[in-house]
Amino acid sequence: MLRYSLKRFLSLLISLLVASIVIFVVIEIVPGDPATYMLGINAQEDTIAALREELGLNASKLERYWNWLSGMMVGDFGTSYTYRSPVNELIGDRIWVSLPLALIALTLSTAIAFPIGIIAASRRGSVTDMSVMGATQLGVAIPNFWFAMILVLIFAINLRWFASGGFPGWDEGVFAGLKALTLPAIALALPQASILARVMRTSLLDTLSEDFVRTARAKGLSKAKALRRHALRNALIPVLTIIGLQFSFMLAGAIIIENVFYLPGLGRLIFQSISQRDLIVVESVVMLLVFAVVLVNFFVDLTYALVDPRLRGRQ
Amino acid sequence: MALLSIENLNLSIHGIDILRDVSMSVEAGKVLGVIGESGSGKSMTANAVMQLLPNGTDCSGTILLEGQNLLDLHEGQMNRLRGKDIGMVFQEPMTALNPVKTIGAQVAETLLIHKAASKPEALRIARETLNRVGLPEDRFPMSRYPHELSGGQRQRVVIAMAIALKPKLLIADEPTTALDVTTQAQILRLLKRLIQEDDMGLILITHDLAVVSDMADDMVIMQNGVVVEQGPAATLYRDMQHPYTKALFEASSHIPDRDYADERGADPLLEVRNVIRDYTLPRTKLFAAPGYFRAVNDVSFVINRGESLGLVGESGCGKSTLTRALLGLEPVQSGDILFDGDPVVKNGLVVPDIRRKMQVVFQDPYGSFNPRHKVSRLITEPYHLLPSSPTGADRDRAIAEALESVDMPASAAEKYIHEFSGGQRQRIAIARALIIRPELIILDEAVSALDVSVRAQVLDLLSDLSDRFGLTYLFISHDLSVVRAITDRVLVMKSGKVVERGATEDVFENPQHAYTKTLIDAAPQLPDVA
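Quick caveat, the model's predicted, so the values are computed rather than measured. (Residues numbered from 1 in each chain as written. Chains lettered and ligands numbered in written order. Predicted model: local features only at pLDDT ≥ 70, side-chain atom pairs only at ≥ 80, totals over all residues. Heavy atoms only, no water.)

Student: Tell me about the overall build of chain A, residues and numbers included.
Tutor: Within chain A, the regular secondary structure consists of 13 helices and 0 strands. When the helices and strands of chain A are read in sequence order from the N terminus, they spell out α-α-α-α-α-α-α-α-α-α-α-α-α. Reported as C-alpha extents along the three principal axes, the dimensions of chain A are approximately 80 × 60 × 35 Å. A separation threshold of at least 6 residues defines the contact pool for chain A, and within that pool the share at least 24 residues apart is 72%. If you sum the accessible surface of chain A, you get close to 16,100 Å²; carbon and sulfur atoms cover 67% of it. With 27 positive and 21 negative side-chain charges, chain A shows a spacing of 21 Å between the two charge centroids. (Helix = DSSP H or I, 4+ residues; strand = E, 2+ residues; numbered from the N terminus. Contact = heavy atoms within 4.5 Å. Areas by Shrake-Rupley, 256 points an atom, 1.4 Å probe, with all protein chains shown as cover. Lys, Arg positive; Asp, Glu negative; His and termini not counted. Charge placed at Lys NZ, Arg CZ, Asp CG, Glu CD.)

Below is the structure:
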């Protein structure tokens, strides 16, 4: 288990290194000078020169890459040109919106998908199975921004249970914060839950037809017990893979939902930075998201080994 | 009163009759052998006793276990009965255990499910049961996972699970079919010992008459869902009545009519000289050199033109690795493989001109065809080895000839592979090998997955083809009786080495190496009924 974990950790470090090089090179090969690009075509020569100096663009590429990388390691992500404030402060404010949002959405999606997938699989071909699968088909098909607007229409505008958008900040209390994240989390979670439920169902059905489930039944386990004790854990591997992917998506890909609900999250930050050509912010936030995704996959890999002893290798 | 008696059992699935009027019974402490080919309904009978049946199944008749009709019980009552009064062992030990639970937990579960013991007590009994089935504590702690055990060891775990609660009846459905002969002999001995110790009744289901002949007190022969003959094993062998029983018996000991090679003189076709094949093992330490496993260790032999050479050995002995090396599918670390005097592999590449003279037929008639292609395309696959392959009418003629030579109609070319039975598929596989007129055909367990009667037909076909086209065979199998029936000379392989070689009859009649003796002793024998 230790060997396996170390191996996965090594692969995590290598992924991060490769990602940092790719991100740096991509920003570098954007045609033209970053400073000119950021200031637009009407900028004065001396303004550009000043910005170049400020951005450290006069140093060699290798030196700049190293400065960027070593800066990030100690939490210094540079200074945003447009916001005129350190990037780590910008990120620090927003991550406390994005991370809870992703976590709530993930919990919600898992909590919905697991029982649905299990019920559908254990009653394969029944009316319950077919209606649940029909509903998830719908869930997969509906775009989440449209679903978000429907939620706003019903729960914010008509019922007035929630605000239609914005985030009061955690200073206003945990409840107020959670309340503001409820609708966005549902909008994010439901389509993902539909996908996850379908994966859960298929994976469980595959496992239920395995020989060892029949063996368990021959021991005297009821259908339900055989499913719970033997099939479920074996069915989890593909489900965990999807959960890992979904968490990454919800953290990094919540741009649209954050825009619909006017949430000051990472998605909106990166969206605004791109439109304002604030390359330093873009570079750093993308790196941070890569870090989050790689880290999540690392944990998914560790969970695989917890679930399946065959991956742990010899003790 | 019999322990279990099945009376007039009828079973249909979605209206299709599977079993008709099946009756049989087994006494405590006795073994009932149920014999039949695939589709005979033997497994379905076992599943009916366990009431583990697919949806849409209709059952009528009676299945009495100590006087209680199991068909009257509802699901909850059956759950309490399964594992406690009836234990079951299945065919595939590799997949019959839950890969994510320890063997101790899986055996203890039988006791816990039936609330027969507290958790520590259940673990203690599980330990004892594992000892009983030959998995001692020092080598097989309960914390082992199934993937750390071999097939035979896993089957012992499955048996331990089935007998942990000392059931009255044990059902074993092809318990040794997937195992090597020596392992098979051990498992059969174990089953026999256990039923004597616990006074259990055993229903032993198998397609292999020889397996039952050593074990069974009574026998039931099934065909197409009907019991065609039954009776005490001792008399039934001597006094077979039903033509199907006789046919089955004949097919099991079938020896095809063939010309023997020694009449043809020695003309080496394939020469294998000192071949070594190593596999690199995963590194155990980051900077240590990786270890290697020698799968084929200094093997040399010659196949003469027109000869049929057998290669026997148990799983892991290196026979499949050797096959792949012969075909140039894997590089060898040292040694030469010469076909008609020319190396099969030159500069790391297989020479197509030589390779086309060697074809192979594999074991699995279900997995070795692409289901999306028509037979015409499947059997012309070897054409890629030819510099210019026939087209148009020539191609059609070649396809028809190949199919007809294996006794299939030419019209089969336009069908898909799922439309054929296992035996027909194996014929098509042979047609695929024949189509480019090879000189040597490697038959890698080519008849192992077939029913005995079909196997006998395919063996006849092979010997007929060999006589007609002057084919040379390398016949690889773990089944000694088949090798004995169709080969002139035989090699016995163990742990990558050839431990014995010689004329087939000599080796079988008078084995020299201890391992060969073990193999021959372990192989179940049909009683003589001359």
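Now that the structure has been shown, the text picks up again.
Student: Quick one: what's the story with the interface of chain A and chain B, residue by residue and with numbers?
Tutor: Listed as interface residues are 24 residues of chain A and, on the opposing side, 29 residues of chain B. Where chain A abuts chain B, roughly 2,300 Å² becomes buried across the two surfaces, and 51% of that area is made up of carbon and sulfur atoms. Ranking the residues of chain A by area buried against chain B places Arg217(A), Ala218(A) and Lys219(A) at the top, with a combined share of 25%. For the pair chain A and chain B, the number of links is 3 salt bridges. (Buried area = accessible area lost by both parts, 1.4 Å probe. Salt bridge = Lys/Arg side-chain N within 4 Å of Asp/Glu carboxyl O.)

Student: Provide a residue-level description of the UniProt feature "domain: ABC transporter" (unreviewed entry) in chain B, including the pertinent values.
Tutor: Mapped onto this numbering, the UniProt entry annotates "domain: ABC transporter" (unreviewed entry) at residues 4-249 and 276-520 of chain B. In residues 4-249 of chain B, helix accounts for 37% and strand for 26%; the two terminal C-alpha atoms are 27 Å from one another. (UniProt positions renumbered as here; feature names shortened; annotations may be inferred.)

Student: Can you tell me about a nonpolar patch on the surface, naming the residues and giving the values?
Tutor: Together, Leu10(A), Ile14(A), Leu17(A), Val18(A), Ile21(A), Val22(A), Val25(A), Val26(A) and Ile29(A) make up a nonpolar patch on the protein surface, roughly 800 Å² of accessible area in all. Mapping Leu10(A) onto the fold places it in helix α1 (residues 2-29). (Patch = residues over 30% accessible without salt bridge, like charges linked within 9 Å, V, L, I, M, F, W, Y side chains within 5 Å.)

Student: Any details on the packing of aromatic side chains? Residues and values, ideally.
Tutor: One pass over the full model with this rule turns up 8 aromatic pairs over all chains. Ring centres of Phe9(A) and Phe298(A) lie 5.8 Å apart, and the angle between their planes is 65°; this geometry places the pair in the edge-to-face category. Taken together, the residues span a long stretch of sequence, with Phe9(A) in helix α1 and Phe298(A) in helix α13 (residues 279-307) at a distance of 289 residues. For Phe9(A), a relative accessible area of 39% puts it in the partly exposed group. A centroid spacing of 5.5 Å and a plane angle of 65° characterise the contact between Tyr237(B) and Phe249(B), whose relative ring orientation is edge-to-face. Taken together, the residues span a long stretch of sequence, with Tyr237(B) in helix α8 (residues 233-238) and Phe249(B) in helix α9 (residues 243-252) at a distance of 12 residues. Cluster of aromatic residues (ring-pair linked, three or more members): Phe9(A), Phe298(A) and Phe299(A). (Phe/Tyr/Trp six-rings, centres within 6.5 Å; stacked < 30°, edge-to-face > 60°. Buried < 20%, exposed > 50% of the residue type's maximum accessible area, 1.4 Å probe, protein only.)

Student: Lay out the packing of helix α8 (residues 174-208) of chain A against helix α10 (residues 223-252) of chain A in plain terms, naming residues and giving numbers.
Tutor: Residues and elements named next belong to chain A. The interhelical angle for the contact between α8 and α10, taken along N-to-C directions, is 150°, at an axis separation of 8 Å. Judged by the inter-axis angle, α8 sits roughly antiparallel to α10. Handedness of the α8/α10 crossing: right-handed. Between α8 and α10, the residues in contact are Leu 188, Gln 192, Ile 195, Leu 196, Val 199, Met 200, Ser 203, Leu 204, Thr 207 and Leu 208 and Leu 227, Ala 231, Leu 232, Asn 234, Ala 235, Pro 238, Val 239, Ile 242, Ile 243, Gln 246, Phe 249 and Met 250, respectively. (Axes fitted to C-alpha atoms, helices over the stretch in contact; angles between N-to-C directions. Parallel < 35°, antiparallel > 145°, perpendicular 65-115°, else oblique. Left-handed = near helix turned anticlockwise from the far one by under 90°.)

Student: Explain the pattern of salt bridges to me, using residue names and the numbers behind them.
Tutor: Residue and element names in this part refer to chain B. Applying the stated criterion across every chain yields a total of 36 salt bridges over all chains. A salt bridge links Asp 407 to Arg 427; its shortest N-O distance comes to 3.8 Å. Here Arg 427 lies in helix α14 (residues 422-434) and Asp 407 lies in the loop between α13 (392-405) and α14, a separation of 20 residues in the sequence. We note a salt bridge from Asp 479 to Arg 455, for which the minimum N-O separation is 3.2 Å. On the criterion of sequence distance, the pair formed by Asp 479 in the loop between β20 (472-477) and α16 (480-486) and Arg 455 in helix α15 (residues 452-469) is long-range, its members being 24 residues apart.

Student: An account of the sheet that holds strand β10 (residues 226-232) of chain B is requested, with residue identities and associated values reported.
Tutor: Residue and element names in this part refer to chain B. Read from one edge of the open sheet, 6 strands run β6-β7-β8-β3-β9-β10, paired in mixed fashion. Edge positions in the sheet fall to β6 (86-89) and β10, since each of these pairs with one other strand and no more. Here the strands of the sheet are splayed against their neighbours by 15° on average, with no regard to which way each runs. In terms of strand pairing, β6 meets strand β7 (residues 169-173) through 4 bridges, oriented parallel. (Pairing = 2+ DSSP bridges.)

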